[in-house]
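Here is how the chains run, residue by residue.
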Amino acid sequence: MIPITEEFVDAAAPNADAGKNGRGLILKKKFNKLHISAEGDLLFGECQGSGKVPYQCSADFARADQPTYRCTCPSRQFPCKHCLGLMYAFAQKKPFSTEDVPADLLAKREKLQVRVEKKKEEATKPKQVNVAALAKKVKTQLDGIDTLEKLTHDLVRIGIGNMNAKLAGQMAEQAKRLGDVYLPGARAALYGYTQLFADDDGKFDARANATQSERVYTEALDQLGRLHAIIKQGRAYLTKQLEDPNLAVPTDTAIAAWLGHAWHLTELKAAGLVEPDAELVQLAFNSHYDAARQEYIDTGIWMTLGNGRIRVTQTLRPLKALKYIKSEDSFFAVAQVKELCVYPGSVNPRVRWDGMIPRPLEPKDLQTIRKHGSSDFAKAVKEVKSALKAPLADRTPIFALNFKTLGKVGEEYVIEDANGERLVLTDAGMSEEPASCGVLPLLPKSSFANQTLIARFRHDLDTRQLRVKPLSIVTDSAVIRLTL
Amino acid sequence: MSIAVLSQVFTEARRLMIAGSVVARGDFRLKKLIPSLEQAGKQAPVFAKLAETAHAVIDGPEDSSAASLLELTSLVNAVLYTQGETGLGGKLVPIETTDLGGAMMQTSARVLKPLLESLSSTGSGRLELVKEAHGRGQFRDIRLIKPALGALDDPYPEIAELIAEKVLPMYGKAILPELLAKYDQKGTKGHPRRLKLMYAIDPVGTRTLVKAALEGGSKEVKVVAISCLGTDAEDLPYLVEQASAKAQDVRAAAYQALAKVDKPEAVTVLAKALTGKDQVLAANAIEQSPTPKLVDLLVTEIRAGIDSLANTKDKKQVSATVIRTNHFLRSLSNRDHAAAETLLLELFKRREELQKIKGDSLSGSDVIETVIYQMSSGSKASKRAIVKAHAEVPADQLGQVFHAARQVLTPAQLYDTFAPYLTAKVDEKKKGKDLAWAQREAVMNAIHSGSNYYFYWYHDDEDLEFDDKALPKYDPRWLDLAVNLKRARLIHALARPDHTAAKAYAKAEFEDALKKAKTPDDVRDQLALMMRLVHPDRIEAFFAALAKRGKKTSYYHYWFIHMVRWLPKEAIPQLEELVATIPENEADNWLEAIQELRTKA
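Residues numbered from 1 in each chain as written. Chains lettered and ligands numbered in written order. Predicted model: local features only at pLDDT ≥ 70, side-chain atom pairs only at ≥ 80, totals over all residues.

A. Layout of the overall build of chain A. Tallying secondary structure elements over chain A gives 13 helices and 17 strands in all. Going through the 484 residues of chain A one by one, you find that 39% of them count as buried. Long-range pairs, those at least 24 residues apart, make up 65% of the contacts in chain A with a sequence separation of at least 6. (Helix = DSSP H or I, 4+ residues; strand = E, 2+ residues; numbered from the N terminus. Buried ≥ 20, exposed ≤ 12 C-beta atoms within 10 Å, placed from the backbone. Contact = placed C-beta atoms within 7 Å.)

B. Spatial organisation of the confidence of the model for chain B. With 96% of its residues at a pLDDT of at least 70, chain B reaches an overall mean of 85. Per the prediction output, this complex has pTM 0.70; the corresponding ipTM is 0.83. (pLDDT = per-residue confidence, 0-100.)

C. Layout of the interface of chain A and chain B. Contact residues are listed per partner, giving 62 residues for chain A and 53 residues for chain B. A per-element tally of the side of chain A that touches chain B places helix α9 (residues 217–243) of chain A first, with eight residues. Broken down by class, the residue content of the side of chain A that touches chain B amounts to 31 nonpolar, 16 polar and 15 charged. (Nonpolar A, V, L, I, M, F, W, Y, C, P; charged D, E, K, R; others polar.)

D. Summary view of the packing of helix α23 (residues 398–408) of chain B against helix α25 (residues 435–448) of chain B. Residues and elements named next belong to chain B. Two elements in contact, α23 and α25, have axes whose closest approach is 8 Å; the angle formed by their N-to-C orientations is 50°. With respect to α25, the axis of α23 lies oblique. Relative to α25, α23 is oriented so that their crossing is right-handed. On α25, the residues touching Leu398, Gly399, Phe402 and His403 of α23 are Gln439, Ala442, Val443, Asn445 and Ala446. (Axes fitted to C-alpha atoms, helices over the stretch in contact; angles between N-to-C directions. Parallel < 35°, antiparallel > 145°, perpendicular 65-115°, else oblique. Left-handed = near helix turned anticlockwise from the far one by under 90°.)

E. Representation of the nonpolar core in the model. Counting 248 residues, the largest nonpolar core has B:Tyr255, B:Leu258 and B:Leu270 as its most contacted members. The dominant element in this core, judged by the number of residues it contributes, is α9(A), at 10 residues. Contact partners of B:Tyr255, with chain neighbours within four places excluded, come to B:Ala243, B:Leu270, B:Ala273, B:Leu281, B:Ala282 and B:Ala285. (Core = buried A, V, L, I, M, F, W, Y, C linked by C-beta atoms within 7 Å.)

F. Highlighting the sheet that holds strand β1 (residues 31–36) of chain A. All names here are of chain A. Spatially, five strands are ordered β4-β3-β2-β1-β5 in an open sheet, and the strand pairing comes out mixed. Edge strands, defined here as strands with exactly one partner in the open sheet, are β4 (68–71) and β5 (97–98). Pairing geometry for β1 and β5, over two bridges, is parallel. Its bridge partner lying in β5, Ile36 is registered against Thr98. (Pairing = 2+ DSSP bridges.)

G. The arrangement of the packing of helix α3 (residues 45–59) of chain B against helix α4 (residues 65–81) of chain B in detail. Residue and element names in this part refer to chain B. Following both chains from N to C, one finds α3 and α4 inclined at 155°, their axes separated by 8 Å at the closest point. When the axis of α3 is compared with that of α4, the two are roughly antiparallel. The way α3 lies across α4 gives a crossing that is left-handed. Contacts between α3 and α4 involve Val46, Lys49, Leu50, Thr53, Ala54, Ala56 and Val57 from the first element and Ser65, Ser68, Leu69, Glu71, Leu72, Leu75, Val76 and Val79 from the second. Looking at the contact of α3 with α4, its residues break down into 10 nonpolar, three polar and two charged.

H. Spotlight on helix α6 (residues 126–135) of chain B. Residues and elements named next belong to chain B. Of all the residues in α6, the buried ones are Arg126, Val130 and Ala133. Within α6, the buried residues cover an arc of 65° as seen down the axis, which keeps them to one side. Facing away from the buried side of α6, by more than 90 degrees, are the exposed residues Glu128, Glu132 and Gly135. At the C-terminal side of α6, Gly137 shows a positive phi close to 75°. (Arc of directions from axis to C-beta.)

I. Region of the structure containing the pairing of β1(A). Residues and elements named next belong to chain A. Where β1 and strand β2 (residues 42–47) come together, five bridges link them in antiparallel fashion. Note that in β2 the partner of Ile36 across the bridge is Leu43. The hairpin formed by β1 and β2 contains five residues between the paired strands, and Gly40 there has a positive phi angle of roughly 75°.

J. Structural detail: helix α12 (residues 219–227) of chain B. Regarding α12(B), the residues found buried are B:Val221, B:Lys222, B:Val223, B:Val224, B:Ala225 and B:Ile226. Buried positions along α12(B) lie against α10 (190–201), α11 (207–216), α13 (235–242) and α14 (248–259) of chain B.

K. Molecular detail of the sheet that holds strand β16 (residues 465–474) of chain A. All names here are of chain A. Reading across the sheet, the six strands line up as β14-β13-β12-β15-β16-β17 and stay open at both edges, with antiparallel pairing between neighbours. The sheet is open, and its two borders are formed by β14 (422–424) and β17 (479–481), each paired with just one other strand. Going across the sheet, the axis of each strand differs from the next one's by a mean of 55°, ignoring polarity. Two strands pair when backbone bridges link them, and β16 and β17 are joined in this way by three bridges, in the antiparallel orientation. Bridge assignment links Val474 to a residue of β17, and that residue is Val479.

L. Spotlight on the environment of A:Glu412. Among the structural elements, A:Glu412 can be located in strand β13 (residues 412–416). With 15 C-beta atoms counted inside 10 Å, the residue A:Glu412 sits in the partly exposed group. As a C-alpha pair, A:Glu412 and A:Thr426 span 14 residues in sequence and 8.0 Å in three-dimensional space. Those residues within four positions of A:Glu412 in sequence are excluded, and the remaining contacts are A:Val424 and B:Leu88.

Next up, the structure:
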């Protein structure tokens, strides 16, 4: 059994309140029974709820990296406060008696085992596809692409300068229909364009748009370019898929995600987009609210210690389902992942994993991160530029940069490598994360020489400058997070 | 690569995208660029491609104009993305850092987010969160600095003040650029706070801003700017001028600043103000001033005022002089100044004469009251003088005399002098009209004020005793007397855990009350006394009182929860048993109290 600490349970909690309530159950002495299996891999107990019959809750560590939480309560939070309370009780060394696993739990464990085996088996089998249905779907998507093209061309014909709140609102309505033709990603991209003409709350305000400034024009231009690329690449991709006898999803391009394809881990595994036995360190984390999409987006920025690649995790929490989706949090340990699934993409692809075992972050891990940093800025910049020229590339790629000096030139913060190459630091244009340059003067002096900067690049089309936003500084003793 | 041509193509493509592709056909400005593109295309194929696409925009069919223009902008954008400028010329200088004076913290997002929201939003309950975070040192997470700076403009002034006074100063000079960037001398609310903070962090560097604010700042900013003056000789003429400003706030700030300057010009201005409409503002300024000359001024004014009373017939005029004199007397607080002490002793001696002066609202007796009050917190000689005359002071001021006596008499002398007031024969019916009754109450109230009798109503008051720890302990005979007199409140104030008779009294009182009690409120004070005496049976008594609640719980019994922290830790298991039986909504409060008891040192 893995050692359960209170931090482990905190991290497992879907939100801070669930954790607090879980702790409260112990103090309120709501647990009538606390048991552990003879093998030490199953905690189970009884917790008194508001009804007469106590809830049967358990935390099953048969799969150490993927614990299974079970409870008879009706809560849709997962794990519920009862399972969390059970684990807190164990972490707080409350007396757990060794008992035989109850028959119903045994049955559930067996069922789970069967399910896992089946899943494994299924993963090896070729996926059964209803080719006819899929072909119909792809054709519908192609029709949707035609609609998107018509809408985009209409927008270009009208001109960005002639966009107004009314038109943006109508276009947003049209965009909704793209969701009905299995193109949620394309819909989001069109929304992205219309939202440039909305206020901070995502609403179209005629008065505000009447005074729409030049500020959004360049961004709108870029956004239309993206829509154009989605249309072109999307059509080619869907046509290619339609031509394949099995209608398999091409995995060599990120366009699938742009069209809104929700990758299943099995698909990624089947496509070989998996790294075995990966260890990851979180370098930065932010959670921001997207008013247009009406959802919170939790983004973790991680480095895989083995190959030094920087990837991101994303959890989308729509407002409507906020209570039921676990909010992510900063993670200060090393995540040991058996199978790391990597989405198709270029510089910082999205990653996901099924189960994870934490281990403490050690100085040697920080050394590894620093070793993976790029000490040649010119090379890193070349790589960034090469990635940025693709119209659907991530516009703000993240790199680890080993700098010799972090200082100031006039009012600008600048990093310089050993060859004297410089990069200017900025907060402009990257509002998802809070501004971070302002906190630099508060760092200890030792942070300004020979350290590794985790930086987000951004090319400003108006000023034609490629600058970086500092996210974290990795020293030999800590990851100093500058954003949130 | 010809970046200039690229830039021009981008500008034209951007212009057409803004205007709409319907006007793109035949666009002569874009057309003009094609030869340059074709020329460049001979060396770099991408320019040839651009020229071809630009042709399609200008000469292509109208129905494909949108597609062509999109193609052109996408292509030019893609090329421009590879041309981003990096680097910056000039000397690279080290960043000036500020030592935050302690280790930095890195807090998890789940903890930081609510705090960030409370600093950047509105609504209730935020102050507590910010206070707690400050107490836990969470502002040592550098990511909170920007939001904290933003909170200077918080619509709830208490949050803004807390941030300005407690949180931001610890970041030192590092926050100066940000403070300066946001500062607007014409502004109100957060802007005076910014100036004050900048001045506190860097007085020399902020002087220019202070001067500018004096010239063109808003009234609020100007008031802060004036309060920053006084350290430089050149400030004096300006301050003298501002002492005649129209706005009262500005004049008050000017007096405050002048009081810090030990110069004849400043003294002249304040002396004049003491005789005019600003006498209160000037006296307040002098109260904070370290300059002895200004105290002399006050003393002279007070003496002149008192002397004039003898010849004043108009009762209204008498009251006005008394009000003015009292205000000036109060401004002598905490002064170690010979002339002020002499004045107080002199006025105390003249109390018979003052007693005879009658005004319409305030009279000579009110001056005596203020004099005694000032003497009770004044020098030892002043205290001795009023203690010596204890039998002659008005009954309602005997309490102050008692407090003064505690500081100059030995515990035995104090008992011998004041205990007779408690045993004196009084007329209980006449109450305040009977001098002996009023004197007894005054002495008892003075003793009561040393303890928190109603401690159970409040959660935050940690101490049961308010008594000044520096004062000598009471003579043991006081508690014996209190028990003999059966004065529960007095026993509470004088309580000692080793007093058997007091404990027996408390237990008997509790049991007696418990027999008659219908609700826990009927035994509340008796239970509190047992807690105060650290009675060995207090746990038992606590639960016996609790049993009087019956099945129904009441909001009004929350004092029970406040009493938990005065129980011994042995009570924890029993309390935990109790929590399991009470409703969920109430249990959380009990849990917090138990946790507090558990962690109590």
